[in-house]
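# Geometric and topological summary
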Amino acid sequence: MMMSSTALSDTGNVWIRNSLPNQKDLIVHCKSPKDDMGYHRVHPRGAYNLLYKLRYEEYLRRLYENNDNWCHLWQGHDFKHHQVFDVQSGEQWEAREDGIYRWSALVYAWDATRSKASSLGSSCFSLGLLSVSSFFLFYFI
């Protein structure tokens, strides 16, 4: 008996809540090696719900391997504070003034170095967050 891969698919779901003080917006950009979920501006007390479809092959692989999805978050004056981290289906994240929380526990401080931070340059450039001088410094290093 054959089943379609659609029948054996599952949906991934990640929540990212903006709990920043002083009416600060949060910018969220989530990605995987195959998909770019785009940039989303999350207003104070709002949330971004990352929904993604897992194809049958990906669903089986993700049961046994590390997850390939990650999210970039920016906050602060001119969105200068940044963090990037891996996300897995079912997680709930919260952006606060001192860092990124998962299940009410501080996991990442803002601006701390992460392994996927090498993709920061292209993401910031897309957002227009880098000044011309910073871009040249970043580009020629």
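Parameters at a glance
- Residues numbered from 1 in each chain as written.
- Predicted model: local features only at pLDDT ≥ 70, side-chain atom pairs only at ≥ 80, totals over all residues.
- Heavy atoms only, no water.
- Disulfide = S-S within 2.5 Å.
- Helix = DSSP H or I, 4+ residues; strand = E, 2+ residues; numbered from the N terminus.
- Buried < 20%, exposed > 50% of the residue type's maximum accessible area, 1.4 Å probe, protein only.
- Phe/Tyr/Trp six-rings, centres within 6.5 Å; stacked < 30°, edge-to-face > 60°.
- Pairing = 2+ DSSP bridges.

## Here we look at the state of the cysteines
Applying the stated criterion across every chain, the model contains one disulfide. The disulfide that involves Cys-30 links it to Cys-71, with 2.0 Å between the sulfurs. Linking Cys-30 and Cys-71, the disulfide has an S-S dihedral of approximately 105° and is accordingly described as right-handed. Of this pair, Cys-30 sits in strand β2 (residues 26-31) while Cys-71 sits in strand β5 (residues 70-75), and the two are 41 residues apart along the sequence. Taken individually, Cys-30 and Cys-71 each receive the classification buried, so the pair is uniform in this respect.

## Describing the packing of aromatic side chains
Counted according to the given criterion, the structure contains four aromatic pairs. Aromatic pair Phe-85 and Tyr-108: ring centres 5.4 Å apart, planes at 25°, arrangement stacked. Of this pair, Phe-85 sits in strand β6 (residues 81-86) while Tyr-108 is found in strand β9 (residues 105-109), placing the two residues 23 residues apart along the sequence. Tyr-108 shares its class with Phe-85; the two are buried. Seen in terms of ring centroids, Trp-93 and Tyr-108 are 5.9 Å apart; in terms of plane orientation they differ by 20°. Their pairing is stacked. Separated by 15 residues along the polypeptide, Trp-93 in strand β7 (residues 92-96) and Tyr-108 in strand β9 bring together distant segments of the chain. As far as burial versus exposure is concerned, Trp-93 and Tyr-108 are alike and both buried. Taken together, the ring pairs in this structure connect Phe-85, Trp-93 and Tyr-108 into an aromatic cluster.

## Comments concerning the pairing of strand β3 (residues 36-42)
The pairing of β2 with β3 spans five bridges and is antiparallel. In the sheet register, Val-28 faces β3, and the bridge partner there is His-40. Where β2 folds back onto β3 in an antiparallel hairpin, the turn is made up of four residues.

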